[in-house]
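Residues per chain, in single letters:
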Amino acid sequence: MSKIYELIGRLVVRLAWLRFGRQIKLGGGVLAVLVLAGGYLLARRQPPEG
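Residues numbered from 1 in each chain as written. Predicted model: local features only at pLDDT ≥ 70, side-chain atom pairs only at ≥ 80, totals over all residues. Heavy atoms only, no water.

**Student:** Describe in detail the overall build of the chain, supporting the description with residues and values.
**Tutor:** Broken down by element type, the chain carries one helix and zero strands. Over its C-alpha atoms, taken along the principal directions, the chain stretches across nearly 65 × 25 × 10 Å. Buried positions account for 2% of the 50 residues belonging to the chain. Taken as a whole, the chain presents about 5200 Å² of accessible surface, with 69% of it coming from carbon and sulfur. (Helix = DSSP H or I, 4+ residues; strand = E, 2+ residues; numbered from the N terminus. Buried < 20%, exposed > 50% of the residue type's maximum accessible area, 1.4 Å probe, protein only. Areas by Shrake-Rupley, 256 points an atom, 1.4 Å probe, with all protein chains shown as cover.)

**Student:** Any details on the pattern of salt bridges? Residues and values, ideally.
**Tutor:** Here the idea is simple: oppositely charged side chains can pair when their charged atoms come close. Summed over all chains, the structure comprises one salt bridge. For Glu6, the salt bridge identified is with Arg10, shortest N-O distance 3.0 Å. In this pair, Glu6 and Arg10 are both assigned in helix 1 (residues 2-44), four residues apart and thus about one turn of the helix distant. By relative accessible area, which is 38% here, Glu6 ends up partly exposed. Residue Arg10 is classed as exposed on the basis of its relative accessible area, which comes to 57%. (Salt bridge = Lys/Arg side-chain N within 4 Å of Asp/Glu carboxyl O.)

**Student:** Can you tell me about helix 1, naming the residues and giving the values?
**Tutor:** For helix 1, spanning 43 residues, the distance from its first C-alpha to its last is only 50 Å, which falls clearly below the expected 63 Å at 1.5 Å a residue. The buried fraction of helix 1 amounts to one of the 43 residues, a small share that puts the element mostly on the outside. (Expected span 1.5 Å × (residues − 1).)

Structure (structure tokens):
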């Protein structure tokens, strides 16, 4: 029975990738840029004096 669920899951993922692959790649790229920019800003901040 689990083989049937696995086949259905693979089919759904494949169809989603075919339908929304470009948006998924674009969203991943935007997320990567945001993470890198956030890391850069955190590394460059000045700690409070005291």
